[in-house]
Amino acid sequence: HAVGQGNVESLMRMTNLMINGRRFVVVGYGWCGRGMAQYLRSFGGRVSIVEVDPIKNLEAIMDGFRVDSMHNLASWGQFFCTATSRPSVISINEFNMMPNGAILANSGHFPDEINVEALKQLSVKIVKIGQDLEEFELPNGRKLILVAGGQMIELAGTEPKGNSIEAMDLGFMLQALSLELISTKGKPIASATSLISFSVLGRNSCSGGSNNLTVTG
């Protein structure tokens, strides 16, 4: 939810474009991708998903999204956002198939999910059309727009906001409670990824015992 809201807010602020009716391709249906897809759809966007993991692929279908390959969606989308943590998920083949005016952005932690260097080498002309936007003219005459140089859109560009304050509060609270558990637990905790026990959330408070966080169900 936090990443979804932050990404869509960043997109609207940096491009000044409407979402309603626009065709969006979200590449990756992990927590970041699905959050963005849901917020885009709630604003009236037409959203399709690219996802290679069969379980997440099925989850996207069950959530009501069109799911297809990057190859098939490259010529359909008007806006593309990556959220995969994998390099070059959008590259030369896809660039050449995209419609004129297509917008490219990245939500992942690393700026190589869109092959920006390949886009630069492919282009015959590059024009900065705003503080956060670059226009790349391809040999086929079409123009693609890159947002924030391919950096994480939520934390890049003009006045980046990141996640909402409430989301950050919840995240830091969970980290603090987890550290408390590690420091006070009688026996060592294995060095592995572990789920947070509901008892940790239920018995602690956010500030001096006055705002108890209760987990039910």
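For the structure, see preceding data.
Residues numbered from 1 in each chain as written. Predicted model: local features only at pLDDT ≥ 70, side-chain atom pairs only at ≥ 80, totals over all residues. Heavy atoms only, no water.

What about the pairing of strand β8 (residues 143-147)?
Both faces of the sheet carry side chains from a regular strand, because those side chains alternate between them.
Next up, step 1: Burial analysis of β8 places 4 of its 5 residues in the buried class, the great majority of the element.
Next up, step 2: In this sheet, β8 lies alongside strand β5 (residues 103-106) in parallel orientation, the contact comprising 2 bridges. Bridge pairing in β8 links isoleucine 103 to isoleucine 145.
Next up, step 3: As defined by bridge partners, strand β7 (residues 133-137) adjoins β8 across 5 bridges and the pair is classed as antiparallel. Within β8, the position partnered with phenylalanine 136 by the bridge is leucine 144.
Next up, step 4: From the end of β7 to the start of β8, which pair antiparallel, there are 5 residues, and glycine 141 there has a positive phi angle of about 90 degrees. (Buried < 20%, exposed > 50% of the residue type's maximum accessible area, 1.4 Å probe, protein only. Helix = DSSP H or I, 4+ residues; strand = E, 2+ residues; numbered from the N terminus. Pairing = 2+ DSSP bridges.)

Here we look at a nonpolar patch on the surface
Next up, step 1: The grouping of Leu58, Ile61 and Met62 at the surface amounts to a nonpolar patch, some 330 Å² of accessible area in total.
Next up, step 2: Mapping methionine 62 onto the fold places it in helix α3 (residues 54-62).
Next up, step 3: The class for methionine 62 is exposed, based on a relative accessible area of 65%. (Patch = residues over 30% accessible without salt bridge, like charges linked within 9 Å, V, L, I, M, F, W, Y side chains within 5 Å. Areas by Shrake-Rupley, 256 points an atom, 1.4 Å probe, with all protein chains shown as cover. Salt bridge = Lys/Arg side-chain N within 4 Å of Asp/Glu carboxyl O.)

A few points about unusual backbone geometry
Next up, step 1: Unusually for a residue other than glycine, serine 85 sits at a positive phi of about 65 degrees.
Next up, step 2: By secondary structure assignment, the location of serine 85 is in the loop between β4 (79-82) and α5 (92-97).
Next up, step 3: The exposure class assigned to serine 85 is partly exposed, which follows from its relative accessible area of 46%.
Next up, step 4: A positive phi is found at serine 88, a non-glycine position, where the angle reads about 55 degrees.

Here we look at the pairing of strand β6 (residues 125-128)
Next up, step 1: In terms of strand pairing, β6 meets β7 through 4 bridges, oriented antiparallel. Pairing of lysine 128 across the sheet is with glutamate 134, part of β7.

By themselves, these observations are geometric and do not establish any function.
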